[in-house]
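Each chain, written out:
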There are 2 protein chains.
Amino acid sequence: MHPFDAAVELTPTHDDYLRGATHPAYANMVGPFGGTTAAVLLQAALRHPARLGDPVALTVNFAAPIGDGAFDVQARAVRTNRSTQHWTMALSQDDHVAATATAVFAKRRSTWSAPEAAPPRDLPAPHALPEATLAGRPAWVHRYDMRFVEGPLPDAFDDSEQPHSRSVVWVRDEPPRPLDFASLAALCDSFFPRVWMRRRTRTAIGTVSLTTYFHADAPMLAAQGDRPVLGVVRAQAFRDGYFDHSAQLWDDAGRLLASSHQLVYYRE
Amino acid sequence: MHPFDAAVELTPTHDDYLRGATHPAYANMVGPFGGTTAAVLLQAALRHPARLGDPVALTVNFAAPIGDGAFDVQARAVRTNRSTQHWTMALSQDDHVAATATAVFAKRRSTWSAPEAAPPRDLPAPHALPEATLAGRPAWVHRYDMRFVEGPLPDAFDDSEQPHSRSVVWVRDEPPRPLDFASLAALCDSFFPRVWMRRRTRTAIGTVSLTTYFHADAPMLAAQGDRPVLGVVRAQAFRDGYFDHSAQLWDDAGRLLASSHQLVYYRE
């Protein structure tokens with residue numbers, strides 16, 4: 001079993017409740033990687049017997065630190081329409097809420113479609129780039145193969161402020177794993193906090209809210225398989241303890257699989 | 001009383017529950033303007049006696065049409081930390097959930113801060129631009145003074161597909177009203193759906209999810225007062241019934257007040 005599947009494994013307990021546990025392969029400096037927390041919350045809706053369609057929007061709010069070990073997830077379909085379904089989810093430990101989430105699922109119909117944003121052009125292929133050096137980083141980072149085209153995590157945190165925080169990176173699960181909605185939700189949180197890129201200062205950070213829009217449907221994800229996706233990530237503003245960053249995740253045919261936004265706390 | 005204040009007025013009923021009503025001044029083609037719905041849900045947390053700090057993130061999911069008339073709002077602080085507070089909200093009519101929301105509030109501390117995105121430069125001032133022609137549009141549109149620098153709502157829906165959907169617009173409440181968190185939340189939904197701009201076809205649309213990050217604190221909003229803010233709005237991808245658009249709202253000193261994202265359903 002791939003460690004990601006183990007990390008998002010949930011066992012129904014009663015009604016809308018399931019039980020899971022943090023997985024050491026996705027440990028962060030403290031508690032689990034936020035991407036797996038987002039994936040677990042989405043997974044609770046994905047595997048719910050009342051599920052309709054596929055996810056189009058997911059928001060996860062990280063309310064408190066999650067301790068290593070077991071947790072409970074509640075997933076409730078609060079409204080089911082003909083072609084959309086609205087979910088609320090919560091992750092608790094010892095009856096204290098540690099994360100909340102909402103999701104919108106939809107049955108898509110084939111309609112007029114068009115790209116508007118575009119990926120950067122003429123990029124080197126992933127195999128032509130070196131694997132990012134991940135020694136000394138938390139366990140979860142080793143569960144991704146990252147090849148930076150631009151804006152790698154700095155080798156040294158030397159306080160040399162940069163003019164911008166943009167990164168362009170090919171990224172996939174490590175070991176390779178066919179892309180699905182849960183793993184795409186986690187990938188959206190795999191980009192290092194922009195405040196580290198911008199300031200080259202390792203201030204304490206924590207994502208407080210993460211929103212992902214899924215532009216891909218299941219066939220698009222299946223077509224991408226286990227090949228790297230292209231992430232383009234940038235911040236918009238850093239102010240008094242909070243910054244936002246936005247990511248685009250492109251398939252290798254240049255189609256937008258997901259757009260993702262997050263608001264991140266930073267200490268100083 | 002400004003019609004916006006009337007539209008977001010809520011009366012506590014019991015515990016975490018409040019009662020409000022749609023306001024004809026903010027009527028949309030069907031039901032109320034989504035921006036006032038977002039503002040009402042935020043307002044329920046803003047005026048809650050347990051409130052800590054100011055909003056930094058808000059997500060609203062529009063689950064079902066809202067009928068003209070009374071509604072109930074529940075706002076619950078699910079987790080209060082030392083400097084952050086996590087909220088879940090829901091708006092119901094006749095015990096059916098019509099919208100859900102989550103918010104993160106925070107007490108900010110003064111820290112290293114920096115812009116990263118920048119507003120367009122050398123723009124004409126709002127008073128140098130004509131007021132947008134709003135005749136024939138729903139009531140809520142008349143509650144905003146819009147001056148388009150670029151990408152106005154087309155005069156004719158003539159099916160002439162455009163290469164992009166970007167708009168740049170000075171916008172303020174009409175009549176003028178000092179900016180606050182609730183009105184900023186509503187302003188974030190005042191930009192016309194990008195699919196209309198892009199295709200010049202008036203397909204049926206509906207926002208399903210709206211996320212706003214507040215970069216401004218209360219003093220920044222107070223400093224802006226009732227002067228127009230600058231909106232820069234663009235779509236990223238239109239695919240099989242859903243598109244996303246992202247907006248930046250700048251104060252007239254070029255500081256980012258809010259960044260906002262939404263996923264919108266379109267019929268064909």
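The preceding data block contains the structure.
Residues numbered from 1 in each chain as written. Chains lettered and ligands numbered in written order. Predicted model: local features only at pLDDT ≥ 70, side-chain atom pairs only at ≥ 80, totals over all residues. Heavy atoms only, no water.

Considering the overall build of chain A
In step 1: Helix and strand content of chain A: five helices and 13 strands.
In step 2: Computed over C-alpha atoms, the radius of gyration of chain A comes to 18 Å, within 12% of the 18 Å expected from 2.2 N^0.38 for 268 residues, which places it in the range of a compact globule.
In step 3: When its C-alpha atoms are laid out on the principal axes, chain A stretches across 50 × 45 × 35 Å.
In step 4: Summed over its atoms, the accessible surface of chain A is roughly 10,300 Å², and 50% of this surface lies on carbon and sulfur atoms.
In step 5: Taking the 26 positively charged and 29 negatively charged side chains of chain A as two groups, their mean positions are separated by 5 Å. (Helix = DSSP H or I, 4+ residues; strand = E, 2+ residues; numbered from the N terminus. Rg over C-alpha atoms; globule rule 2.2 N^0.38 Å. Areas by Shrake-Rupley, 256 points an atom, 1.4 Å probe, with all protein chains shown as cover. Lys, Arg positive; Asp, Glu negative; His and termini not counted. Charge placed at Lys NZ, Arg CZ, Asp CG, Glu CD.)

A look at the packing of aromatic side chains
In step 1: All told, the structure shown has 28 aromatic pairs over all chains when counted by the stated rule.
In step 2: A centroid spacing of 6.0 Å and a plane angle of 85° characterise the contact between Phe-157 of chain B and Trp-196 of chain B, whose relative ring orientation is edge-to-face. Highlighted residues: Phe-157 of chain B in the loop between strand S8 (144-150) and strand S9 (167-173) and Trp-196 of chain B in helix H4 (residues 194-199), separated in sequence by 39 residues.
In step 3: Residue classification places Phe-157 of chain B among the partly exposed residues on the basis of a relative accessible area of 25%.
In step 4: Between the aromatic rings of Phe-238 of chain B and Tyr-266 of chain B, the centroid separation amounts to 6.5 Å while the plane-to-plane angle is 75°, which identifies the pairing as edge-to-face. Of this pair, Phe-238 of chain B sits in strand S11 (residues 229-239) while Tyr-266 of chain B is found in strand S13 (residues 256-266), placing the two residues 28 residues apart along the sequence. Comparing Phe-238 of chain B with Tyr-266 of chain B shows no difference in burial state: the two are buried.
In step 5: Members of the aromatic cluster, each reached through a chain of ring pairs, are Phe-33, Trp-140, Tyr-144 and Phe-192 of chain A.
In step 6: We note Arg-202 of chain A situated over the ring of Trp-196 of chain A; from NZ or CZ to the ring centre the distance is 4.9 Å. (Phe/Tyr/Trp six-rings, centres within 6.5 Å; stacked < 30°, edge-to-face > 60°. Buried < 20%, exposed > 50% of the residue type's maximum accessible area, 1.4 Å probe, protein only. Lys NZ or Arg CZ within 6 Å of the ring centre and 35° of its normal.)

Description of the relation of the copies chain A and chain B
In step 1: In the superposition of chain A on chain B (RMSD 0.0 Å, axial shift 0.0 Å), the rotation amounts to 180°. The two molecules are tied by a two-fold rotation axis, judged by turn and shift.
In step 2: Residue by residue, 100% of the interface of chain A is reproduced at the interface of chain B, so both copies engage with the same surface. (Least-squares fit on C-alpha atoms with pLDDT ≥ 70 in both. Contact = heavy atoms within 4.5 Å.)

Quick notes on the environment of Phe-191 of chain A
Residues and elements named next belong to chain A.
In step 1: Within the fold, Phe-191 resides in the loop between helix H3 (181-187) and helix H4 (194-199).
In step 2: Accessibility expressed as a relative area gives 7% for Phe-191, which makes it buried.
In step 3: Put simply, Phe-191 and Pro-119 are 72 residues apart on the chain and 17 Å apart in space, counted from C-alpha to C-alpha.
In step 4: Setting aside residues no more than four positions away along its own chain, Phe-191 makes contact with Val-169, Val-171, Gly-231, Val-233, His-245, Ala-247 and Leu-249.

Some points on the side chain of Thr-211 of chain B
In step 1: Among the secondary structure elements, Thr-211 of chain B is positioned in strand S10 (residues 205-214).
In step 2: One polar contact links Thr-211 of chain B to Thr-211 of chain A, side chain to side chain, over a distance of 3.1 Å.
In step 3: One polar contact links Thr-211 of chain B to Thr-59 of chain B, side chain to side chain, over a distance of 2.7 Å.
In step 4: Residues contacting Thr-211 of chain B, with those up to four places away along its chain left out, are Thr-59, Thr-211 and Tyr-213 of chain A together with Leu-58, Thr-59, Ser-259, Ser-260 and His-261 of chain B. (Polar contact = N/O pair within 3.5 Å; in protein donor to acceptor, adjacent residues only side chain to side chain.)

Some details on the pattern of salt bridges
In step 1: Applying the stated criterion to the full structure yields 30 salt bridges over all chains.
In step 2: Ionic pairing is found between Asp-252 of chain A and Arg-227 of chain A, a salt bridge with its closest N-O pair at 2.6 Å. You can see Asp-252 of chain A sitting in the loop between strand S12 (242-250) and strand S13 (256-266) and its partner Arg-227 of chain A sitting in the loop between helix H5 (218-224) and strand S11 (229-239), a full 25 residues away along the chain.
In step 3: For Asp-252 of chain A, a relative accessible area of 36% gives the class partly exposed.
In step 4: A salt bridge links Arg-239 of chain B to Asp-240 of chain B, with the nearest nitrogen and oxygen atoms 3.2 Å apart. Asp-240 of chain B matches Arg-239 of chain B in its accessibility class, with the two residues each being buried.
In step 5: What emerges from the salt-bridge pattern is a single network uniting Glu-131, Asp-145, Arg-147, Arg-172 and Glu-174 of chain A. (Salt bridge = Lys/Arg side-chain N within 4 Å of Asp/Glu carboxyl O.)

Section: helix H2 (residues 34-46) of chain A
In step 1: For H2 of chain A, which comprises 13 residues, the first-to-last C-alpha distance of 18 Å matches the rise-based estimate of 18 Å (1.5 Å per residue) to within 8%.
In step 2: Of all the 13 residues making up H2 of chain A, 12 are buried; the element is thus mostly covered by neighbouring parts of the structure. (Expected span 1.5 Å × (residues − 1).)

A closer look at unusual backbone geometry
In step 1: Residue Pro-175 of chain A is bonded to the preceding Glu-174 of chain A through a cis peptide linkage, with omega at -5°.
In step 2: Note on placement: Pro-175 of chain A falls in the loop between strand S9 (167-173) and H3.
In step 3: Positive phi is not limited to glycine here, since Arg-200 of chain A has a value of about 50°.
In step 4: Residue position: Arg-200 of chain A is located in the loop between H4 and strand S10 (205-214).
In step 5: We classify Arg-200 of chain A as partly exposed; its relative accessible area is 24%.
In step 6: Backbone geometry places Asp-240 of chain B, a non-glycine residue, at a positive phi of 45°.
In step 7: By the element assignment, Asp-240 of chain B lies in the loop between S11 and strand S12 (242-250).
In step 8: On the accessibility criterion, Asp-240 of chain B (13% relative accessible area) is buried.

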